[in-house]
Amino acid sequence: MDQLFHELEPFIRKTFSDFPWELEVEYAGNRFSVGRKEIHWSGEPLKIKIKSFEALKTVLNSDSLGCLIKAVEGEIDLSGNIYVLTFLRRHGKFNSIKPWRWLARLTKDNLFQS
């Protein structure tokens with residue numbers, strides 16, 4: 001677990017270094033912010049609190065759908081300037097998503113839907 005925690009800040013900084021607005025990320029009581037901190041009408045950062053080790057792994061795997069699922073399940077809290085959430089994909093430096101990863105996610109979600 002400790003190793004993954006130390007990968008979080010460099011990963012977020014690399015991925016969102018060019019994000020126009022501020023992102024404040026918290027995990028295990030440690031908080032840091034990234035982005036260019038340009039003025040936004042809301043006046044506050046998007047706050048992302050990662051509350052579980054599983055959610056941390058999901059973030060580090062660049063699994064955007066998995067992150068949304070973790071947010072719905074309460075393992076990731078999103079607060080503050082939620083508006084800029086819609087711009088994360090446009091401004092983040094993400095690796096391309098491999099087709100097998102999408103297939104695995106679709107299969108898992110369809111097999112275990114209630």
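Residues numbered from 1 in each chain as written. Predicted model: local features only at pLDDT ≥ 70, side-chain atom pairs only at ≥ 80, totals over all residues. Heavy atoms only, no water.

Regarding the nonpolar core
We apply this condition: Buried Ala, Val, Leu, Ile, Met, Phe, Trp, Tyr and Cys residues that are joined via side-chain atoms within 4.5 Å together make up what is termed a nonpolar core. Here the term buried applies to any residue with accessible area under 20% of the maximum for its type, exposed to any over 50%, and partly exposed to those in between, with areas from a 1.4 Å probe on protein chains only. Runs of E in the DSSP output that reach at least two residues are strands. Runs of H or I that reach at least four are helices, and both are numbered from the N terminus. Contact definition: two residues touch when any of their heavy atoms are within 4.5 Å.
Ranked by size, the top nonpolar core spans 21 residues in total, and within it Leu 8, Ile 12, Phe 16, Phe 19, Leu 23 and Ile 50 carry the most contacts. Secondary-structure elements contributing two or more residues to this core are α1 (2-16), β1 (23-27), β2 (30-34), β3 (46-50) and α2 (53-60). Broken down by element, this core gets its largest block of residues, 4 residues, from α2. Apart from the residues lying within four places of it in its own chain, the contact partners of Ile 50 are Leu 8, Val 25, Glu 26, Tyr 27, Ala 28, Ala 55, Leu 56, Val 59 and Glu 75.

Brief notes about the pattern of salt bridges
Basically, it comes down to this: Basic side-chain nitrogens of Lys or Arg form a salt bridge, by our definition, when they fall within 4 Å of a carboxyl oxygen of Asp or Glu.
This structure, assessed with the given rule, holds 9 salt bridges. For Arg 13, the salt bridge is made with Glu 9, and the minimal N-O distance between the two is 2.8 Å. Placement of both Arg 13 and Glu 9 in helix α1 is noted, with a separation of 4 residues, approximately one turn of the helix. Since its relative accessible area comes to 35%, Arg 13 is described here as partly exposed. For Glu 9, a relative accessible area of 32% puts it in the partly exposed group. In this structure, Glu 38 engages Arg 36 in a salt bridge whose closest nitrogen and oxygen atoms are separated by 2.4 Å. Assessed through its relative accessible area of 39%, Glu 38 is described here as partly exposed. Each of Asp 18, Arg 36 and Glu 38 takes part in salt bridges that share partners, so that together they form one network.

Details of the pairing of β2
Two faces belong to every sheet, and in a regular strand the side chains alternate between them. Put simply, the rule reads: Whether two strands pair comes down to DSSP finding at least two bridges between them.
Pairing analysis gives 5 bridges linking β1 to β2, with the strands arranged antiparallel. Note on β2: the bridge partner recorded for Val 25 is Phe 32. Counting the residues in the hairpin turn of β1 and β2 gives 2 residues, including Ala 28, whose phi is positive at 55°.

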